[in-house]
Amino acid sequence: MSRIFSGIQPSGELHIGNYLGAVQNWVRLQEGRDATFFCVVDLHALTGNYEPSDLRRRRHEMAVSLLAAGLDPERCTLFFQSGVPQHAELAWIFNTVTPLGELERQTQYKDKSARQESVLTGVLTYPVLQAADILLYHATRVPVGEDQVQHLELSREIARRWNHRFAAETPYFPEPQPLLTPVRRLMGLDGQAKMSKSLGNTIGLLETREQIWEKLRPAMTDPARIRRTDPGNPDVCNIYSLHKAFSDEPTQAIAAANCRGAAWGCIDCKKVLAESMETVLVPIRRRAADIGARPSYVTDVLEEGAKRARTIAQDTMRQVYERMGLTD
Ligand code: AMP
Ligand code: TRP
């Protein structure tokens, strides 16, 4: 069976960048509880500086966001990584076949370590845990944003190395491939960098119409369009990239034409975008409110998911131990 796996950091509420870049695709790809696995990677989250009480809140909010976004516990297995100890166990195993040089070459590691005086080992071995996440379930398809493509290359390398050493005849682990969405990398509202919580340039998936408008109004557009009468170029405008994600095709075409012809000012274009966003976001907000009204729902769903995930994970570890000489 070809499985799908993906993970997301417990960063609290989803923002429209990780929603459009990854989670919207997860919602579309749900194929059944035994075929589609989604994980809130709370063990990965320990590699940054954090407060335990804050992490507790963020992992819960992420789970709420994912269910509100449309993950359906009847059609996928959703769980917290820490609820399945085999993730950490397989990561240790993979540490023993991963060359240090491969880890030091990872862009994310280079970026993070350049910004810190003392670098935690977990930042270096982060992608080894990620490979374990995926391969524990023998997943072959991994829906992610573009920033994760390099980590997936490393997952394939780890699968090859482990297979070469312990399952040379018939490869045991498959080589997982990324599934990208059309929104590979959504820019933040500043138009300067990737939309990301740590940069404070996001729109939260559950924000109100008023909060969203407060952020859209001053957001960056085509910088060459200074006066209202200047023709704009939608291809370089971040607001237009949001139209492509939220508006229907006729509205996209109108927005592009009215930008090029200067028939709309940027504020007109943003007003239309805000309406399109409402259409997409209202049902998501409504589901979030329903979930909020059922206190133990989230915990129950994710514990149930972890139980199913553990069954598969235990089986994988048995096979791995068997092949590595760790059984009698
Ligand atoms: P994160 O929220 O950083 O854990 O990322 C979760 C998923 O969303 C990953 O697959 C990322 O590649 C994707 N993602 C995060 N931010 C963006 C963005 N600004 N544009 C597109 N995809 C994103
Ligand atoms: N590293 C991913 C991110 O920052 C999260 C992640 C952890 C992941 N394990 C994964 C993504 C396994 C896909 C598959 O977004």
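Residues numbered from 1 in each chain as written. Chains lettered and ligands numbered in written order. Predicted model: local features only at pLDDT ≥ 70, side-chain atom pairs only at ≥ 80, totals over all residues. Heavy atoms only, no water.

A. The arrangement of the domain arrangement of the protein in detail. Segmentation of the protein into domains returns domain 1 (4-186 + 294-324) and domain 2 (207-288). Centre-to-centre separation of domain 1 and domain 2, based on C-alpha positions: 33 Å. Domain 1 puts eleven residues into the contact, and the matching count from domain 2 is ten residues. Together, the buried faces of domain 1 and domain 2 total about 760 Å²; carbon and sulfur atoms form 73% of this surface. Scanning the region where domain 1 abuts domain 2 turns up zero salt bridges. (Domains from an automatic or database assignment. Contact = heavy atoms within 4.5 Å. Buried area = accessible area lost by both parts, 1.4 Å probe. Salt bridge = Lys/Arg side-chain N within 4 Å of Asp/Glu carboxyl O.)

B. How the structure looks around unusual backbone geometry. Not every positive phi belongs to a glycine, and histidine 138 is a case in point at roughly 55°. Backbone geometry places alanine 262, a non-glycine residue, at a positive phi of 60°. With respect to the helices, strands and loops of the structure, alanine 262 is situated in the loop between helix H10 (249-260) and helix H11 (266-292). (Helix = DSSP H or I, 4+ residues; strand = E, 2+ residues; numbered from the N terminus.)

C. Representation of the site of ligand 2. Taken together, Phe5, Ser6, Gly7, Val41, His44, Tyr126, Gln130, Asp133, Ile134, Val142, Val144 and Gln148 make up the full set of residues adjacent to ligand 2. Separating a nitrogen atom of ligand 2 from a side-chain N or O atom of tyrosine 126 is a distance of 2.7 Å. Here aspartate 133 contributes a side-chain N or O atom positioned 2.7 Å from a nitrogen atom of ligand 2. Protein burial of ligand 2: of its 360 Å² of free accessible surface, 90% is covered by the chains. Of all elements in the fold, only strand E1 (3-8) and helix H6 (121-135) reach the threshold of two or more residues within the shell around ligand 2. The element best represented in the shell around ligand 2 is H6, accounting for four residues. Residues that form the shell around ligand 2 fall into these classes: six nonpolar, five polar and one charged. (Near = heavy atom within 4 Å. Polar contact = N/O pair within 3.5 Å; in protein donor to acceptor, adjacent residues only side chain to side chain. Areas by Shrake-Rupley, 256 points an atom, 1.4 Å probe, with all protein chains shown as cover. Nonpolar A, V, L, I, M, F, W, Y, C, P; charged D, E, K, R; others polar.)

D. Main features of the packing of aromatic side chains. Per the counting criterion, the structure on display carries nine aromatic pairs. Here the aromatic rings of phenylalanine 5 and tyrosine 137 are separated by 5.5 Å at their centres, their planes lie at 10°, and the arrangement is stacked. Taken together, the residues span a long stretch of sequence, with phenylalanine 5 in strand E1 and tyrosine 137 in the loop between H6 and strand E4 (139-143) at a distance of 132 residues. In this structure phenylalanine 5 comes out as buried when scored by relative accessible area, which is 2%. Each residue in the set Phe94, Trp162, Phe166, Tyr172 and Phe173 is aromatic and connected to the rest through ring pairs, giving one cluster. The positively charged end of arginine 59 is found above the aromatic ring belonging to phenylalanine 80, 3.9 Å away from the centroid. (Phe/Tyr/Trp six-rings, centres within 6.5 Å; stacked < 30°, edge-to-face > 60°. Buried < 20%, exposed > 50% of the residue type's maximum accessible area, 1.4 Å probe, protein only. Lys NZ or Arg CZ within 6 Å of the ring centre and 35° of its normal.)

E. Inspection of the packing of helix H9 (residues 238-246) against H11 at higher detail. It is the contact of H9 with H11, at a shortest axis distance of 9 Å, that shows an interaxial angle of 30°. As H9 runs across H11, the sense of the crossing is left-handed. Listed contacts from H11 to Ile239, Leu242, His243 and Phe246 of H9 are Cys269, Lys270, Val272, Leu273, Ser276, Met277, Val280 and Leu281. Residue composition of the contact of H9 with H11, by class: nine nonpolar, two polar and one charged. (Axes fitted to C-alpha atoms, helices over the stretch in contact; angles between N-to-C directions. Left-handed = near helix turned anticlockwise from the far one by under 90°.)

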